[in-house]
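Reading the structure
Below are the chains, spelled out letter by letter.
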Amino acid sequence: MKTLVTASPPLPHVGHLSPRQQMAMDCALCARRLGARGRVLGDVRHRGLPFQLWVCIPDCRVARPTVPSG
């Protein structure tokens, strides 16, 4: 049986994100405004508080998979 495996980008450290990224108003990876196209990247804890990081996948410029050259 074949399964589709998708690699998600690594979760950024919440302390390094802007308040808008922490509140899921902007993408946690590229900082573009999310609007209605956001997707959950993952759940993290920072200073004991739960955060849910959102990204603009599949449109995110940072999360787009790269093709190795060479």
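Preceding this paragraph is the structure being described.
Notes on the structure follow. (Residues numbered from 1 in each chain as written. Predicted model: local features only at pLDDT ≥ 70, side-chain atom pairs only at ≥ 80, totals over all residues. Heavy atoms only, no water.)

1. Focus: the overall build of the protein
So the rule is basically this: Numbering of helices and strands starts at the N terminus; helices are DSSP runs of H or I of at least 4 residues and strands are runs of E of at least 2. Residue burial is assigned from relative accessible area. The probe radius is 1.4 Å, only protein chains are included, and a residue is buried under 20% of its type maximum, exposed over 50%, and partly exposed in between. Contacts: residue pairs with any heavy atoms within 4.5 Å of one another. Per-residue accessibility takes into account occlusion by the displayed protein chains alone, with areas from the Shrake-Rupley method and a 1.4 Å probe.
In terms of regular secondary structure, the protein is built from one helix and two strands. Listing each helix as α and each strand as β along the protein from the N terminus yields α-β-β. Here the protein holds 70 residues, and the buried ones make up 30% of them. Contacts in the protein between residues at least 24 apart in sequence constitute 45% of all its contacts with a sequence separation of at least 6. Element-wise, carbon and sulfur atoms account for 57% of the exposed surface of the protein, whose accessible area totals about 5500 Å².

2. Re the nonpolar core
Definition in use: Side-chain atoms within 4.5 Å are what join buried Ala, Val, Leu, Ile, Met, Phe, Trp, Tyr and Cys residues into a set we call a nonpolar core.
If you look at the biggest cluster of nonpolar residues, it comprises 14 residues, and the most contacted ones within it are Cys-27, Leu-29, Leu-53, Val-55, Cys-56 and Cys-60. Among the elements that make up this core, the one with the highest residue count is strand 2 (residues 49-55) (three residues).

3. Some remarks on the environment of Arg-37
Considering the arrangement of structural elements, one finds Arg-37 in the loop between helix 1 (19-22) and strand 1 (39-46). Residues Arg-37 and Val-55, 18 residues apart in the sequence, show an inter-C-alpha distance of 8.6 Å.

4. Topic: unusual backbone geometry
Non-glycine residue Ala-24 carries a positive phi angle of around 65°. According to the relative accessible area criterion, Ala-24 is partly exposed, its value standing at 26%. At Ala-31, a position not held by glycine, the phi torsion is positive, near 70°. You can see Ala-31 is positioned in the loop between helix 1 and strand 1.

5. A closer look at the pattern of salt bridges
Our working rule: What makes a salt bridge here is a side-chain nitrogen of Lys or Arg within 4 Å of a carboxyl oxygen of Asp or Glu, nothing more.
Per the stated rule, a full pass over the model turns up one salt bridge. A salt bridge links Arg-20 to Asp-26; the shortest N-O distance between them is 2.9 Å. Owing to a relative accessible area of 35%, Arg-20 belongs among the partly exposed residues under this scheme.

6. Quick look at the side chain of Gln-21
Inspection of the secondary structure assignment puts Gln-21 in helix 1. Accessibility expressed as a relative area gives 9% for Gln-21, which makes it buried. Contacts of Gln-21, omitting those with residues within four sequence positions, involve Asp-26, Cys-27, Ala-28, Leu-29 and Ala-31.

7. Let's talk about the pairing of strand 2
The condition that has to hold: In short, DSSP must find at least two bridges between two strands for them to pair.
Here seven bridges tie strand 1 to strand 2, and the two strands are oriented antiparallel to one another. For His-46, the partnering residue across the bridge sits in strand 2 and is Leu-49. Adjacent in sequence and paired antiparallel, strand 1 and strand 2 are bridged by two residues, among which Arg-47 carries a positive phi angle near 55°.

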